[in-house]
Amino acid sequence: MRASKYHLNTLKEAPSEAEVASHRLMTRAGMIRRLAGGIYTYMPLGLKVLRRIEKIVREEMNAAGAIELLMPVVQPAELWVESGRWEQYGPELLRIKDRHQRDFVLQPTSEEVITDIARNEIHSWRQLPLNFYHIQTKFRDERRPRFGLMRGREFTMKDAYSFDRSAEAAQASYDAMYAAYQRIFSRLGLEFRAVAADTGSIGGSRSHEFQVIADTGEDVIVYDPDSDYAANIELAAAPCLIAERAAAAEPLIKTSTPGAAKCEAVADLLSLPLAHTVKSLVLATDHADKAPTIWLLLLRGDHDLNEIKAGKVPGLDQGFRFASESEIVEHFGCLPGYLGPIGTTRPVKVVVDTTVANMHDFVCGANEVDFHYTGVNWGRDLPEPELVTDLRNVVEGDVSPSGNGSLLMQRGIEVGHVFFLGDKYSSALKATYLDENGKPAALQMGCYGIGISRIAAAAIEQNHDERGIVWPRALAPFEVVICPVGWNKSEAVRAEAERLYEGLKAEGIDVILDDRDQRPGVMFAEWELIGVPLRVTVGERSLKENMIELQARKQAESQQVQTSDALDVIVARLT
Ligand code: ATP
Ligand code: MG
Ligand code: MG
Ligand code: MG
């Protein structure tokens, strides 16, 4: 590629809303352009990076026996009604209507569609196991799209879905994907860690996240350097902290002030040191008390008070549920107590939700009509230490679950997630196959996501300096840039630059020749910002001594190389 024929547009300034390095640098380097909140155009340089990620992901998925197909972005609501997620999925699910007023969604994930494919395509145990995947645009109407590609609303994901005859076989499929993910993130050249994770709105019984280590990560990982224990604190913290508070019978906050004052009190609490391990807080009223105690509850997910008030708490779709006032009346046989004036609480019935450990007689919400949640587990009676033993150690330096080492914490960016689903979707959608005895049985499933576009951002969070991006080699938009100094002035420079350019192309190397006749300082700064791993400088003075200069983006020192050796040395550096 010649720079004069390509589209490069680097910027001096980053957009003011860009809070993290990857967002700033991808914008400045001209890799992405914002169209709307959380919606970006992948500019040519950015698209090249995504294609490199996709290539590695594809190769490893194929090598692991997964089969590529391509499912639609637009999915009919019927399938989501069948699975139950039309009701459960929060406002992250973008719902649209066609001209006939039929409901559709823009896919945030494809369990429903693939299960529909499976029930039509898979008939016999002889066809199993099967694993289908695609690399496709996803849409999630994120509460807070931010950090550029890191948390977009439209983004690219690889999602795979395995189908097996038994839970054991499905576990083997899960393990194969887990191993493929290890290879993928190693090949991408990223420092990462696999951690036990929450299953969120996808559901299922077992899951692991792959986290790229970076201080700007939104997730916190707890791990034991001396054993293989590692967990997302979302999984580790919530039950543990709740249980600890419960054990001490000490509410986080006690107040009898009504309405808005309660919310303010909660807002104060957000600044507690606790807040860095806990993403979300919900108010609840203990109706057993005459003067209601306001408890602060911890839910998984990431939501703020305004959204709780707006009834938009995506985490609530797993066991926790948004309920209208009339539903509460139906369910509890009375109004939530704190709707009335303080001190007039009425008795409510005990609610038992089997998806969480223990339920008590309360509802919670944001002190406004129609914004209440039922089935919230506040865990006052989570007495079984076994329930939380391996989750207890969430304070850095605590003894690890193995009993030996002490736990450490670090921040991470979730770039991949594998789930053991069992028959959650196959039972709901009646996806069965005939076993060896000719009897129908539910398919056992797993699902496996990789955030293709998020990886580009995560790689930058992990690899950048004050001058710009430092791409791991596997991800760089170009492998080498040739920077001739004095392109228009010197025939010799031009000839040598062209010779190297053609030579590298012939070797199959993705090289760009900067033939724009720029001043060296400007040219070098631009390529350092873009992050190309290797720069070849061709200048008149060195050429007189038959030398060119190699400068690795990662290293401070440059290297002078004889022109006669240059091609071999460059190729050797890249392989
Ligand atoms: P998060 O916790 O960051 O919201 P998630 O757990 O909701 O992610 P999954 O449903 O596990 O996401 O989706 C699989 C992968 O898709 C994630 O591991 C992540 O890499 C990627 N991903 C999810 N949401 C986004 C987003 N808004 N923007 C970019 N990538 C995303
Ligand atoms: Mg999410
Ligand atoms: Mg997550
Ligand atoms: Mg996830």
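So, here is what we can say about the structure in this document. Treat the numbers as computed from the prediction; the structure is a model and nothing was measured. Numbering of residues starts from 1 in every chain and runs along the sequence as written. By the order in which they are written, chains take letters starting at A while ligands take numbers starting at 1. Two thresholds apply to this predicted model, a pLDDT of at least 70 for residue-level local features and 80 or more for giving and counting side-chain atom pairs, whereas whole-chain, interface and lining totals are computed over all residues.

### Looking at the overall build of the chain
From N to C terminus, the chain includes 17 helices and 28 strands. Per-residue burial for the chain yields a buried fraction of 43% across its 575 residues. If you take every contact in the chain between residues at least 6 apart in sequence, the share linking residues at least 24 apart comes to 68%. Here a helix means four or more residues in a row that DSSP labels H or I, a strand means two or more in a row labelled E, and each is numbered from the N terminus. In this scheme every C-beta is placed from the backbone, and a residue whose C-beta has 20 or more other C-beta atoms within 10 Å is buried, one with 12 or fewer is exposed, and one in between is partly exposed. Any residue pair is listed as a contact if its two C-beta atoms, each placed from the backbone, are within 7 Å.

### With respect to the sheet that holds strand β27 (residues 547-552)
When DSSP finds two or more bridges between two strands, those strands count as paired. Taken in spatial order, the 5 strands of this open sheet run β25-β24-β26-β27-β28, and their pairing is mixed. Strands with a single pairing partner mark the edges of an open sheet, and in this sheet they are β25 (511-513) and β28 (558-562). Going across the sheet, the axis of each strand differs from the next one's by a mean of 25°, ignoring polarity. With 5 bridges connecting them, strand β24 (residues 480-484) and strand β26 (residues 534-538) associate as parallel partners. Each residue of the ladder has a partner; that of Val-481, found in β26, is Arg-535. Contacts from helix α14 (residues 491-506) reach β24, β25, β26 and β27, with the element oriented near 170° to β24. Contacts from helix α17 (residues 563-574) reach β24, β26, β27 and β28, with the element oriented near 130° to β28. Orientation is described by axes fitted as lines to C-alpha atoms, over the contacting stretch for helices, and by angles from 0 to 180 degrees between their N-to-C directions.

### Considering the packing of helix α2 (residues 44-63) against helix α13 (residues 452-462)
At a minimum axis separation of 9 Å, α2 and α13 run at an interaxial angle of 115°. It follows from the interaxial angle that α2 and α13 lie roughly perpendicular. At the point where α2 passes α13, the crossing takes the right-handed sense. Between α2 and α13, the residues in contact are Val-49, Leu-50, Ile-53, Glu-54 and Val-57 and Ile-452, Ser-453, Ile-455 and Ala-456, respectively. Any angle that falls under 35 degrees is termed roughly parallel, while one over 145 is termed roughly antiparallel, one within 65 to 115 roughly perpendicular, and all others oblique. Two helices crossing with the near one rotated counterclockwise from the far one by less than a right angle form a left-handed crossing, whereas a clockwise rotation gives a right-handed crossing.

### Section: the packing of α14 against α17
Contact geometry of α14 with α17 gives a least axis separation of 10 Å together with a crossing angle of 30°. Comparing their axes, α17 and α14 come out roughly parallel. The handedness of the crossing between α14 and α17 comes out as right-handed. The segment α14 lies against α17, with Glu-496, Leu-500, Gly-503 and Leu-504 engaging Thr-563, Ala-566, Leu-567 and Ile-570. The residue makeup of the contact of α14 with α17, split by class, is 5 nonpolar, 2 polar and 1 charged. Residue polarity is assigned by list, with Asp, Glu, Lys and Arg as charged and Ala, Val, Leu, Ile, Met, Phe, Trp, Tyr, Cys and Pro as nonpolar; anything else, Gly included, falls into the polar class.

### Describing unusual backbone geometry
Going from Leu-128 to Pro-129, the amide bond is cis rather than trans, its omega being 0°. Phi angles above zero are rare outside glycine, and Gln-101 is one such case at about 65°. Within the fold, Gln-101 resides in the loop between β5 (94-97) and β6 (103-106). Despite not being glycine, Asp-517 shows a phi value in the positive range, around 55°. With respect to the helices, strands and loops of the structure, Asp-517 is situated in the loop between β25 and α15 (520-530). Residue class for Asp-517 comes out partly exposed when judged on the 14 C-beta atoms lying within 10 Å of it.

### So, helix α6 (residues 167-187)
The terminal C-alpha atoms of α6 lie 30 Å apart, and with 21 residues this matches the ideal 30 Å at 1.5 Å per residue to within 8%. Looking only at α6, the buried set comprises Ala-170, Ser-173, Tyr-174, Met-177, Ala-180, Tyr-181, Ile-184 and Phe-185. End-on view of α6: buried residues confined to an arc of 130°, all on one side of the axis. Along α6, the residues that are exposed and aim more than 90 degrees away from the buried face are Glu-168 and Ala-179. Any helix carries an expected span of 1.5 Å times its number of residues minus one. What the arc measures is the spread of directions leading from the helix axis to the C-beta atoms.

### Notes on the nonpolar core
For this analysis, nonpolar core means a set of buried Ala, Val, Leu, Ile, Met, Phe, Trp, Tyr and Cys residues linked through C-beta atoms within 7 Å. Ranked by size, the top nonpolar core spans 95 residues in total, and within it Ile-53, Ala-160, Ala-458, Val-480, Ile-482 and Val-536 carry the most contacts. Once residues within four sequence positions are removed from consideration, Val-480 is found in contact with Leu-504, Ile-509, Val-511, Val-532, Leu-534, Val-536 and Ile-570. Grouped together as the second largest cluster of nonpolar side chains are 9 residues, Val-195, Ile-221, Val-222 and Tyr-223 included.

### Description of the pairing of strand β11 (residues 219-223)
Where burial is concerned, most of β11 is hidden: 5 out of the 5 residues are buried. Neither face of β11 is open: one carries Asp-219, Ile-221 and Tyr-223, the other Val-220 and Val-222, and all of them are buried. Where β11 lies against strand β18 (residues 408-422), 5 bridges are found, and the strand directions are antiparallel. Note that in β18 the partner of Asp-219 across the bridge is Gly-412. Pairing of β11 with strand β12 (residues 230-232), which is carried by 3 bridges, proceeds in the antiparallel orientation. Bridging across to β12, Val-222 finds its partner in Ala-231. Hairpin geometry of β11 and β12 is characterised by an intervening segment of 6 residues between the two adjacent antiparallel strands.

Geometry only, nothing functional implied.
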